[in-house]
Amino acid sequence: MSDSITIGGRRVGPQAPCFLIAEVAQAHDGSLGAAHAYIDAAADAGVDAVKFQTHIAEAESTLDEPFRVKFSKQDETRYAYWKRMEFTPEQWAGLAAHAAEKKLVFLSSAFSVAAVELLKKLGVAAWKVGSGEVATRDLLDAMLAAKGPILLSTGMSTYAEIGEVVTRLRGRGAEVALFQCTSRYPVALEEVGLNVISELRQRFQCPAGLSDHSGMVYPALAALAQRADMIEAHIVFDKRMFGPDTPASLTVQDFKQVAQARDAFAKMLAHPVDKDRMAGELAATREMFGKSIALSRSLPVGTVLARDMLTTKKPGTGIPAAELDSLVGRRLKRDADAQRLLSRDDIDV
């Protein structure tokens, strides 16, 4: 067991900045040019990794597979859609090289043993297992044989099922990290399940994060505030783009906001404040914002001070406000202006 892992040279776990993954999935709609454009966009957004999905229709699907949502205007079957989403090994190699040029970790979910073999040749930094593949033993075995950390989404799994697969993966020497997700597209805020992130971390002693399908920035920001080790979300250029995942995706600008929040959170968490030391450093500011004793109205020399004659006003550079009651009954030894702070020289000993 390990509470941290390394992905592409980046440590993922406690005390490390949240590992942020922009998932392109099928947002490219089969266009290699669009796939490359998404790599540029992900780099511009400031994420750590860009993730695709490697579909090989013949190896993973049949004509019996239904559409989750019948969105396609050109594909008669789900099989045909997966076929249209395929890239050649050379094209995948180009995408991986482009990501490396942009200093991004290249990831892709494999949905068949053939896809694992293809990605293995590209040297992917980790294996992402989608929620629907948790029980696909031949796929997991291929990933185990290929070596590398395994990032497991748990969107349709019980804790018992998660425990079973984690035990099996660790028994074969794999490092594991877990994503809380809810397999709805989009998912309602009430079903995001932020509480599960810490539960996964505690139960399985591994990095844990959120794979979000809400289409909003709020779950990612809230997960950051809860110190999630990883956050994954779909990326799309614009909410008017075509595709089944668009409603569940974040725009490039949304990702920029999340990435900026990640960096800000990491900076704050890396610099704990010594409250007493900070209070000392703020002494001058404390005087500026604090209050001292003053008169509620201007008074002549010889006046014996009553409580209603005294008040407190800024700044805190005069007689401390805490001494107010001790001045009641004292006599002014000179005229005193209510527009100035009362000084000790104004009062008889």
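That block above? That's the structure.
Everything in this summary refers to the structure shown in the same document. What you are looking at is a predicted structure, and each value in this text was computed from that prediction instead of being measured. Each residue is numbered by its place in its chain's sequence as written, counting from 1. Under the rules for a predicted model, residues below a pLDDT of 70 receive no local features and side-chain atom pairs below 80 are neither given nor counted, while totals for whole chains, interfaces and linings still include all residues. Just so you know, side-chain values use all the structure's heavy atoms and leave hydrogens and water out.

What follows is about the overall build of the chain. Strands here are runs of E lasting at least two residues and helices are runs of H or I lasting at least four, both read from the DSSP assignment and numbered beginning at the N terminus. For the chain, the helix and strand inventory stands at 12 helices and 13 strands. In terms of principal-axis extent, the alpha carbons of the chain reach across some 100 × 45 × 35 Å. Three labels apply to residues, based on accessible area from a 1.4 Å probe with only protein chains included: buried if under 20% of the type maximum, exposed if over 50%, partly exposed otherwise in between. Scored against the burial criterion, the 349 residues of the chain give a buried share of 46%. A contact between two residues is defined here by any heavy atoms of the two lying within 4.5 Å. In the chain, once contacts between residues fewer than 6 apart in sequence are set aside, the share between residues at least 24 apart is 64%. With residues, only the protein chains shown are counted as cover, and all accessible areas are computed by Shrake-Rupley using a 1.4 Å probe. Here the chain displays about 17100 Å² of accessible surface, and carbon together with sulfur accounts for 52% of that area. Working convention for charge: Lys and Arg count positive, Asp and Glu count negative, and His plus the chain ends are omitted. One atom stands in for each charge, and that atom is NZ of Lys, CZ of Arg, CG of Asp or CD of Glu. Measuring between centres, the 42 positive side-chain charges of the chain sit 6 Å from its 44 negative side-chain charges.

By secondary structure assignment, the location of His234 is in strand S10 (residues 230–236). Among residues more than four places away in sequence, those in contact with His234 are Glu23, Ala25, Gln53, Asp212, His213, Asp245, Ala248, Ser249, Leu250 and Phe255.

The next point concerns the packing of aromatic side chains. Pairing of aromatic rings covers Phe, Tyr and Trp, the last counted by its six-membered ring, and requires centre-to-centre distances within 6.5 Å; plane angles under 30 degrees mean stacked, over 60 mean edge-to-face, and any other angle means tilted. Counted by the stated rule, this structure contains 6 aromatic pairs. Arranged with centres 6.0 Å apart and planes meeting at 35°, the rings of Phe52 and Phe106 form a pair that is tilted. On the criterion of sequence distance, the pair formed by Phe52 in strand S4 (residues 49–54) and Phe106 in strand S5 (residues 105–110) is long-range, its members being 54 residues apart. The residues Phe52 and Phe106 share a single accessibility class, namely buried. Through pairs of rings, three or more aromatic residues link up here, namely Phe52, Phe87, Trp92 and Phe106. Of note, Arg203 hangs over the ring of Tyr159, and the distance from its end group to the ring centre comes to 3.8 Å. Distance and angle both matter: a charge sits over a ring if NZ of Lys or CZ of Arg is within 6 Å of the ring centre and within 35 degrees of the ring normal.

With that settled, the discussion passes to the layout of surface pockets. Picture a little ball the size of a water molecule; that probe, rolled over the atoms, points out where space is still empty. In this structure, the largest pocket spans a volume of roughly 700 Å³. Elements represented by at least two residues in the lining of the largest pocket include exactly S4, helix H3 (78–85) and S10. Considering every element that reaches the lining of the largest pocket, the biggest residue donor is H3, with 3 residues. Ten residues, namely Ala, Val, Leu, Ile, Met, Phe, Trp, Tyr, Cys and Pro, are considered nonpolar, four, namely Asp, Glu, Lys and Arg, are considered charged, and the remaining ones, Gly among them, are considered polar. Of the residues assigned to the lining of the largest pocket, the class counts are 9 nonpolar, 12 polar and 10 charged. The method works on a 1 Å grid over the protein atoms by themselves. A cavity is a set of points holding a 1.4 Å probe that cannot get out, a pocket is an open set with protein on both sides within 12 Å along at least five of seven lines, and residues with an atom within 4 Å of a point line them. Taken together, 16 residues make up the lining of the second largest pocket; nearest its centre are Pro14, Gln15, Ala16, Arg227 and Leu269. Residue contributions to the lining of the second largest pocket peak at 4 residues, all from helix H10 (residues 252–269). The class makeup of the residues in the lining of the second largest pocket is 10 nonpolar, 2 polar and 4 charged. Grid points are joined across faces, edges and corners, and a volume is the space filled by probe spheres set on the points.

It is worth spelling out the packing of helix H6 (residues 137–146) against helix H7 (residues 159–171) at this point. Two numbers describe how H6 lies on H7: the axes approach to 11 Å, and their chain directions differ by 35°. When you trace H6 past H7, the crossing you get is right-handed. Contacts from Arg137, Leu140, Asp141 and Leu144 in H6 reach Glu164, Val165, Arg168 and Leu169 in H7. Residues that form the contact of H6 with H7 fall into these classes: 4 nonpolar, no polar and 4 charged. For every element, the axis is a line fit to its C-alpha atoms; helices are fit only across the contacting stretch, and the angle between N-to-C directions ranges from 0 to 180 degrees. Whether a crossing is left-handed or right-handed is set by the direction in which the near helix is turned from the far one by less than a right angle, anticlockwise for left-handed and clockwise for right-handed.

It is worth spelling out the nonpolar core at this point. Side-chain atoms within 4.5 Å are what join buried Ala, Val, Leu, Ile, Met, Phe, Trp, Tyr and Cys residues into a set we call a nonpolar core. With 70 residues, the main nonpolar core has Phe52, Phe106, Met143, Leu178 and Phe255 as its most contacted residues. In terms of nonpolar packing, the next biggest core, distinct from the first, is built from 14 residues, Leu305, Met309, Ile319 and Ala336 among them.

Next up on the list: helix H1 (residues 32–45). To estimate the expected span of a helix, subtract one from its residue number and multiply by 1.5 Å. Its 14 residues place the ends of H1 20 Å apart at the C-alpha level, agreeing with the 20 Å of an ideal helix rising 1.5 Å per residue. Within the sequence span of H1, burial applies to Ala34, Ala35, Tyr38, Ile39, Ala41, Ala42 and Ala45. Buried residues in H1, looked at end-on, bunch into an arc of 170°, giving them a common side. Contact partners of the buried residues in H1: strand S3 (19–25), S4, helix H4 (89–101), S10 and H10. Positive backbone phi, at 95°, marks Gly46, one or two positions downstream of H1. Here, the arc refers to the directions that run from the helix axis to the C-beta atoms.

Moving on to the environment of Glu117. Within the secondary structure, Glu117 sits in helix H5 (residues 113–122). Under the relative-accessibility criterion, Glu117 is labelled partly exposed at 37%. When the C-alpha positions of Glu117 and Arg68 are compared, they lie 27 Å apart, and in sequence the two are 49 residues distant.

Inspection of the secondary structure puts Ile231 in strand S10. On the basis of relative accessible area, Ile231 is assigned to the buried category, the value being 1%. Put simply, Ile231 and Val258 are 27 residues apart on the chain and 9.6 Å apart in space, counted from C-alpha to C-alpha. The contacts of Ile231, once residues within four sequence positions are left out, are Cys18, Phe19, Leu20, Ile21, Phe179, Leu210, Ala220, Ala223 and Leu224.

Before going further, it helps to spend a moment on empty space enclosed by the protein. Per the counting criterion, the structure on display carries 1 cavity of 30 Å³ or more. Roughly 60 Å³ of internal volume is contained in the largest cavity. Around the largest cavity, the lining is made up of 13 residues, and of these Gln26, Ala27, Asp245, Thr246 and Ser249 lie nearest the centre. Among the elements that line the lining of the largest cavity, the one with the most residues is S10, at 3 residues. When the residues that make up the lining of the largest cavity are grouped by side-chain class, the tally is 7 nonpolar, 5 polar and 1 charged.

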